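A structural walkthrough
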Protein chains: 2
Amino acid sequence: MKRILISALVLLMAGWSIAATDNEDGSRLWLRFNRTNTTASITGVKGTAMSELQAYWQGAPVVLKRQKGLAADGYTIKTQGGKIMVAAANDAGLLYGAYHLLRLQQTGESCAALDISEKPAYDLRILNHWDNPNGTVERGFAGKSIFLNPDPERMKLYARANASVGINGTVLNNVNAKPEALSTESLQKAKTIADQLRPYGIRVYLSINFASPIKIGGLPTADPLNADVVRWWKDKVNEIYRLIPDFGGFLVKANSEGEPGPQDFGRTHADGANMLAGVLKPHKGVVMWRAFVYKAQSSDRANQAYEEFMPLDGQFADNVIIQVKNGPIDFQPREPYSPLFTAMQKTPMMVEFQITQEYLGAANHLVYLAPMWQEFFSFVKPASLKAMAGVANIGDDANWCGHHFAQANWYAFGRLAWNPSLRSEEIASEWLKQTFSTLPWDALVDLMMSSREACVNYMMPLGIHHIFAGTHHYGPEPWYAPRGVRADWTPPYYHKADAVGLGFDRTLKGSTNVKQYPAELCKLYNDINTCPENLLAWFHHVPWDHQMKSGRTFWDELCHKYDDGVRAARRFLVVWDTMQPYVDSQRFLEVQHKLRIQARDAEWWRDACLLYFQTFSQRPIPQDMEHPVHNLDEMKKFRIPIGMYENPECGYTR
Amino acid sequence: MKRILISALVLLMAGWSIAATDNEDGSRLWLRFNRTNTTASITGVKGTAMSELQAYWQGAPVVLKRQKGLAADGYTIKTQGGKIMVAAANDAGLLYGAYHLLRLQQTGESCAALDISEKPAYDLRILNHWDNPNGTVERGFAGKSIFLNPDPERMKLYARANASVGINGTVLNNVNAKPEALSTESLQKAKTIADQLRPYGIRVYLSINFASPIKIGGLPTADPLNADVVRWWKDKVNEIYRLIPDFGGFLVKANSEGEPGPQDFGRTHADGANMLAGVLKPHKGVVMWRAFVYKAQSSDRANQAYEEFMPLDGQFADNVIIQVKNGPIDFQPREPYSPLFTAMQKTPMMVEFQITQEYLGAANHLVYLAPMWQEFFSFVKPASLKAMAGVANIGDDANWCGHHFAQANWYAFGRLAWNPSLRSEEIASEWLKQTFSTLPWDALVDLMMSSREACVNYMMPLGIHHIFAGTHHYGPEPWYAPRGVRADWTPPYYHKADAVGLGFDRTLKGSTNVKQYPAELCKLYNDINTCPENLLAWFHHVPWDHQMKSGRTFWDELCHKYDDGVRAARRFLVVWDTMQPYVDSQRFLEVQHKLRIQARDAEWWRDACLLYFQTFSQRPIPQDMEHPVHNLDEMKKFRIPIGMYENPECGYTR
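The paragraphs below set out a description of the structure included in this document. Keep in mind that this is a model prediction, so the values were computed, not measured.

Quick word on the overall build of chain A
- Of the regular secondary structure elements, chain A holds 20 helices and 14 strands.
- On C-alpha atoms alone, chain A measures out to a radius of gyration of 25 Å, which is about the 26 Å that the 2.2 N^0.38 rule sets for 654 residues.
- In terms of overall dimensions, chain A has a C-alpha envelope of 80 × 75 × 45 Å along the principal axes.
- A burial count over chain A gives 63% of its 654 residues as buried.
- For chain A, restricting intrachain contacts to residue pairs at least 6 apart in sequence, the fraction spanning at least 24 positions comes to 70%.
- Looking at chain A as shown, the accessible area adds up to about 23400 Å², and 52% of this sits on carbon and sulfur atoms.

Here it is, written out as C-alpha cells:
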C-alpha cells in the first residue's frame, strides 16, 4: 500500500499517470450510452427506437413519426420548436434515426439545430456468419458461435450493435452448409434467434446445402429441374416461413470447394439459383448465390468465376443476387477488384467483404479494413451493386471480436453498407469516440488508417498474394507445396518465384486475366510500366531488377516494403503506449499484448518471405534496412497447431 | 543444374555473387599460412621457430640467433644484406620473432626493410582454463575441455595459436579445483600436456584446492602453518617438478564462494599464499592468489576484496602474485576498475580478465573485448602490474571458441598481454586479415570496435550490473530473487530499483565504496553530477528524473541506451551480410546465425529490463524509440534449461 501511495505521488509529480479508469473487457462495444430514467415502452422496432432514446438520450425531447415519401429505412431528423422530429417511412427508419441521435451525442457533436436526411445505399446490409452447428466458427477468431446457445441478453446486444450501424440481415450459418441446417430442429432454433433479432429490424437468412433434398429429404436427386425436388424445396420454404414470417432467404455456395451444386446434375448455376428463387418469391425471399468457384486444374484461379458466370449473365431471376467476393481470388490483403463486377451488366450483384481477418492476422493484428473496402469502391461504383455482405468477425469472446480494434471493422462494415462514400477516417473517428471515453483521437485514427497498408507491406506487398501457411492463413509459408496438395492451394502457384523474378503473369501473354477488365484497365494492367505497383506481382512476373518508380530495383523495393511494414507495426506500439493514461488498463493491456504479437509477426513475415524469395533472387538485402533476425530453416520447421476455427495464441516461436 | 547456371548468370549481371570460397569450419583460427617446402628440423622452442618459418615463410632468408642483452622473450628483427636477422636472448624470443614475421606476411605488411624491436610488458601471459576433470568447462561455451583427451594434433594447434600471440602459460584446471587435481594420475596427465606445449614456450600451471592435504593427503588439517601440511606440500611440489621440470606454479581460489582456504584454520590469505610460495620458490614456481572474495552478509560486495586484502599489503612473499579481476564485482559488461589495483602498493599484482563471455552473451554474441580491457588500462597503469591472466574461451568445438569472432578475443588477449598499449583497432584488423582471406576490413573493424558498447547498451547501460538470470548468466532476470537465495546472488541486490530510482549507492553516504579509490576519483565518483554517466548506477541510486548530459531524464536515457543497443545489434547483421561475397559460406552462415540470435537477444534484454524497471519508474517509454514487443509476464516465465557449462542454443523463445 505504501508503495502504491509513493508511486502515485511520483506519478503526479512527473505529470504522468497510470490509467485510473475502471477495467473493461470490451463487451460494451461502441455502445457506451449512460442510462437515464426509463419510462413506459411499446413493442416492436418502433418500441426499440423509443426505449433506446428514453434510456440514453440526454438532449431535447424527440418525437418519432412515420411519414410517407421517404425511402425504406431512411429518415430525417429536424429540430423544430425545441423538439427533435425523427421521421421515417418505416419503423426501422425510426430506429436508425434514434441511433443517429445517440451517435451524435456519444461523439460529442452538436445536437442544437439538426437538419439531417439519410437513406441507405443498399436495402440489404447483411452479415454472413460462418458458424457451424457444433459451435465452431470457420475463420472465426473470437471464440465459439454466439448462436450455439443464443443467450437472450447477448443476442439483444448483438442485435443492438448491428442496428446501431444499420445492418439489417444476418446469415446464421456457414456457407459450407450442412444439410441439417434445414432440419426442423435447426429451423426451430433459427426461429428463436429471429424472434430475438426482429425488434431491431434484423432478418435472418440461412445458408443451404444444395443436396439437401437428397441428404435430409430422402430424394434420389437434387436436380433443380426435377419436380419432386422443387416440391421438396417449396414445402421446406413454407415450413420456414411458418416459423419465421420475415425470413430473408438463402445464401448458397454451390459447386465450389467440394460443395454440391446444380452442375452435379448437369444444370447451370442459373438453373439452381432460379429454382430456389421461384420457391422463395411468394414470400419475398431472396437467393444470394455465391460466385466463389474455381477448379483444381485451371491455369489461373483468378479467371474462373468470370469464365463460369459470364455466360449466364441475364439468365438469373430478379430475386437472385450473385454474391461476389471483392477480389477474384480470396480476401487477400490486397487484390484488384473482381472483374465480374464490371463485366456482368444484366445480373443483380452484391459484394462479399470479409470482416473476419482470415488473411490479415486473425484477431491478433490491428488492421482497420475500411480503407481496403473503399479501395474496392474506387473501382466498382456503389450504385452498380444491389447489396453488401460481410463475413462476420463475431464470437462469444467477451469483447466479441477477439481484438478490441476488430470491433471497428464490424462497425465500419455496417456504416459503409449504409453509405459507401463515408470516409474511412470519419468512421474510425466515430468508432473511437464511442468506444473509448477520452483519447487523443487523431493519433489513433492515423494508426488505424495506416494499418491495412502496413499489413500488406509486412505480409505481401507489391501484388504478391496467397503465400500463407498451408494449414492456416495466419503466418507465412511461401514455400508450402507438399506433394499431393492441389497446386492452387499452395503458395508457389501464386508467387511463381524463380531466378527471373516474382509474380503471376496474368497479361495477354500470360493467363490473359487482364482481358476480363474493361479495355482501359486491361491496357493499364497489361503493361508492366503502367500497372500500379501495388498490383505489380499480381499481374506480372516481375524481373528482380525491374526498375521501380522509386529508382530501386523490384527486389530492393520488395525488401523495403517488408521492412516498412515491420517498422509500421512497431510504431503502432509506440502510439498505443501513449494512450495508457486515457484507457482502462484491461483494454490497454489487451491491445498492447496484441500489438506486441503483431510487431513480432511482422518481423516473422519479413524474414520468412525475404529469406525464401532470396533463394530465388540471389540478391542481397539492401544495407539501408534491417536484416532478417530469424533463420529460414527454423521458420520452415515451425508450425502453429491450429486449424481454421481458432485464433493463434501468438505467432512465431522457436 | 540449369537453375544454377541461370542464377550464376543473373548474379554476374547484377554484379553480386555468392561466396565461392571453400567452406571452412573455423578450426584454422588466424593461422592461415600456406605450406611451403619443408626441410630438416631441430627440436625444442628454437626448432619450432625454424620449422614454422621453413614451412610458411615466403620472404627473404631468415637467420635466428641468440643474443645477450635483450629482454627475456623479446626480439629484434632487422633486414641485413638481403637476409632477415631475428635475434633474441632466449629461444622463446626467437619463436615470437618468427611469428611476428609470419604475422607481417599474412596481414600483407611490407617485409622489405625491417627494423623491429619488441619485448613483452609482462613475463607471465597466462590463460586460465576453468576445465573440470569430467571435461566440462565452467562458463565454457565452446564444447568440452580440450585437455580431457589431449589430442596431440589439437594440442599442437592450441600451443601454436598461443605462441603466435605471445601467451606463455596455461592453467590447466578450474579455479574451483578438485583436490584430485594433484593426484598422481592427474599429474601424469598434466605432464603429457606440458610435454606437448613445451616446444611452443608454454608452461603449465595448476589450480589447487587448499584442503588437498586433508582430502588427498589424509592429514587432519590443512593449516598452512602446520609442519605436516608444509611437508605434504613440499613432497607434492617435488613430485610435480619431477614430472614437469618447468612447471609454472599454482593458482589458488581460497575462502571464496565455498572453496576452502587458510581462514578455515584461523590464518590469513598471506599465511596461505606464503606457505605455498615458500614450497615453490626453490623451483622458481609462483603462486597466483585470487582476491575474488565476498561474503553473503556484506552490505556491498564491491567493498570486500579491498577490505580483506588491503590489511595484508606488503605481507606477501615475492613469488606470490595477487590475481584481481579487472572490476570489483565479477566480469560485468562494464565495471569500474577494482580499487585494489591502485590501493595495494606493496604487493605484486596481476589482472584477471575473462576472455570467455560469461556475462557478454556467451558464444552467441559478437562482442570484441579488447576495448573493455583497454578501458581498464586507462585507469590502471600497465606498468603497475606484474602479469596478466585471461579466463580462456576455448573448447573442443571445431572453431575452438564457439563463435568465430570469439577467436578475436583469445587473439587480442595475447596481444595485449604482450603490449597493453596496442590499439584495439589494430588488433582487430590484424586478426581479421589473418582469419579471413579478403574482406572489406574497415566495416568489420568498426563493427567489432562498437560491439562491446552495444552489448553494454542492450544488457546493462549506465552502470547497471549483474541483472542476469539466476541459473545462468546469459539472459536478463532483473526480477530474480527467490526466497532462500543469498541476496548478493540476486539482481535486486545490485540494481536496487524502487519508486525513487535505480542503482547502488556507493557514495560516502552509501556503502562508501568510493573511498577505496584515489582521492581524485573518489570525489569524481561520489558526486552524481561528475560521476561518468556510464558508471552512474554503479555508484549512485539515480533518481528516475535525474537530468543527464543529453538533456534527457535518467529514465529516458536508460530507455534510449537499451534501444541503441538493439539497433546496433541489428546493424551488425546488415554489415555482416555485406561480407557474404568474401567469406566462405560455412563461416558466413554460422556467424550470420549467431548475429541473428544476438539481434533477437538484444530485443529480449531491452524488453525485459525496461518493462521490469518500468514497474518501478512508472514512466512511459519515450515515443521516439521502439517499444517492447515481448510481454513481461511471459519473459518472467521463460527459462533456458542450461547450467554453467553450456552455450545456449538460442535466447528467448515463447
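A few points about the pairing of strand β9 (residues 286-290) of chain B
All names here are of chain B.
- The buried fraction of β9 amounts to five of the five residues, a majority that puts the element mostly inside the structure.
- Every second residue of β9 is oriented toward a common face, with Val286, Met288 and Arg290 on one face and Val287 and Trp289 on the other, all of them buried.
- Of the strand pairs in this sheet, strand β8 (residues 249-252) and β9 are connected by four bridges, and their pairing is parallel. Among the inter-strand pairings, Gly249 is bridged to a residue of β9, identified as Val286.
- Where the polypeptide runs from β8 across helix α8 (residues 269-280) and back to β9, its parallel neighbour, the crossover connection is right-handed.
- When β9 meets strand β10 (residues 320-325), the two strands line up parallel, connected through four bridges.

Overview of the packing of aromatic side chains
- Inspection of the entire model under this criterion finds 88 aromatic pairs over all chains.
- Ring plane angle 80 degrees and centroid distance 4.9 Å describe the contact between A:Phe638 and A:Tyr652, whose orientation is recorded as edge-to-face. On the criterion of sequence distance, the pair formed by A:Phe638 in the segment after α20 (632-637) and A:Tyr652 in the segment after α20 is long-range, its members being 14 residues apart. Both residues of the pair, A:Phe638 and A:Tyr652, count as buried.
- Here B:Tyr75 and B:Trp418 contribute two aromatic rings whose centre-to-centre distance is 5.8 Å and whose plane-to-plane angle is 35 degrees, an arrangement assigned as tilted. Here B:Tyr75 is found in strand β2 (residues 75-80), whereas its partner B:Trp418 is found in helix α12 (residues 407-418), with 343 residues between them in sequence.
- Taken together through their ring pairs, the aromatic side chains of A:Trp30, A:Phe147, A:Tyr158, A:Trp400, A:Trp410 and A:Tyr411 make up a single cluster.

Thoughts on the sheet that holds strand β6 (residues 169-171) of chain B
Residues and elements named next belong to chain B.
- One closed barrel holds the eight strands; their spatial order is β5-β6-β7-β8-β9-β10-β11-β12, and the pairing between them is parallel. Across the sheet, the axes of successive neighbouring strands diverge by a mean angle of 25 degrees, strand direction being ignored.
- Those strands touched by α8 are β7 (203-208), β8, β9 and β10, and its axis lies near 160 degrees from that of β9.

With respect to the packing of helix α3 (residues 91-106) of chain A against helix α4 (residues 152-164) of chain A
All names here are of chain A.
- At a minimum axis distance of 9 Å, the contact between α3 and α4 shows a crossing angle of 85 degrees. Between α3 and α4, the angle is such that the two are roughly perpendicular. Here α3 contributes Leu95, Tyr96, Tyr99 and Arg103 to the contact with α4, which in turn contributes Arg160, Ala163 and Ser164.
- Across the contact of α3 with α4, the residue classes break down as four nonpolar, one polar and two charged.

Considerations on the side chain of B:Thr107
Residue and element names in this part refer to chain B.
- Locating Thr107 in the fold gives a position in the loop between α3 (91-106) and β4 (115-118).
- Judged by its relative accessible area of 13%, Thr107 falls in the buried class.
- Polar contacts involving the side chain of Thr107 include one to the main-chain carbonyl oxygen of Leu104, which spans 3.3 Å.
- Excluding residues that lie within four positions of it along the chain, Thr107 makes contacts with Glu430, Lys433 and Gln434.

Comments concerning helix α16 (residues 519-526) of chain A
Residues and elements named next belong to chain A.
- All of the buried residues in α16 are Leu521, Cys522 and Tyr525. Buried residues of α16, viewed axially, fall in a sector of 105 degrees; they line one side. Residues of α16 that are exposed and angled more than 90 degrees away from the buried face: Ala519, Glu520 and Lys523.
- Those residues of α16 that are buried lie in contact with α17 (536-539).

Let's talk about the sheet that holds strand β8 (residues 249-252) of chain A
All names here are of chain A.
- Ordered by their spatial adjacency, eight strands build a closed barrel running β5-β6-β7-β8-β9-β10-β11-β12, and the pairing between neighbours is parallel. Adjacent strand axes in the sheet meet at a mean angle of 25 degrees, parallel and antiparallel pairs treated alike.
- Both strand β5 (residues 124-128) and strand β12 (residues 387-391) contribute to a ladder of five bridges, which runs parallel. What sits directly across from Ile126, in β12, is Ala389.
- Helix α11 (residues 370-377) rests against β11 (349-354) and β12 of the sheet, and its axis sits at about 155 degrees to β11.

A look at the side chain of B:Arg103
- Residue placement: B:Arg103 occurs in helix α3.
- In this structure B:Arg103 comes out as buried when scored by relative accessible area, which is 9%.

Analysis parameters
- Residues numbered from 1 in each chain as written.
- Chains lettered and ligands numbered in written order.
- Predicted model: local features only at pLDDT ≥ 70, side-chain atom pairs only at ≥ 80, totals over all residues.
- Heavy atoms only, no water.
- Helix = DSSP H or I, 4+ residues; strand = E, 2+ residues; numbered from the N terminus.
- Rg over C-alpha atoms; globule rule 2.2 N^0.38 Å.
- Buried < 20%, exposed > 50% of the residue type's maximum accessible area, 1.4 Å probe, protein only.
- Contact = heavy atoms within 4.5 Å.
- Areas by Shrake-Rupley, 256 points an atom, 1.4 Å probe, with all protein chains shown as cover.
- Pairing = 2+ DSSP bridges.
- Right-handed = clockwise from strand over helix to strand, strands pointing away.
- Phe/Tyr/Trp six-rings, centres within 6.5 Å; stacked < 30°, edge-to-face > 60°.
- Axes fitted to C-alpha atoms, helices over the stretch in contact; angles between N-to-C directions.
- Parallel < 35°, antiparallel > 145°, perpendicular 65-115°, else oblique.
- Nonpolar A, V, L, I, M, F, W, Y, C, P; charged D, E, K, R; others polar.
- Polar contact = N/O pair within 3.5 Å; in protein donor to acceptor, adjacent residues only side chain to side chain.
- Arc of directions from axis to C-beta.

Geometry only, nothing functional implied.
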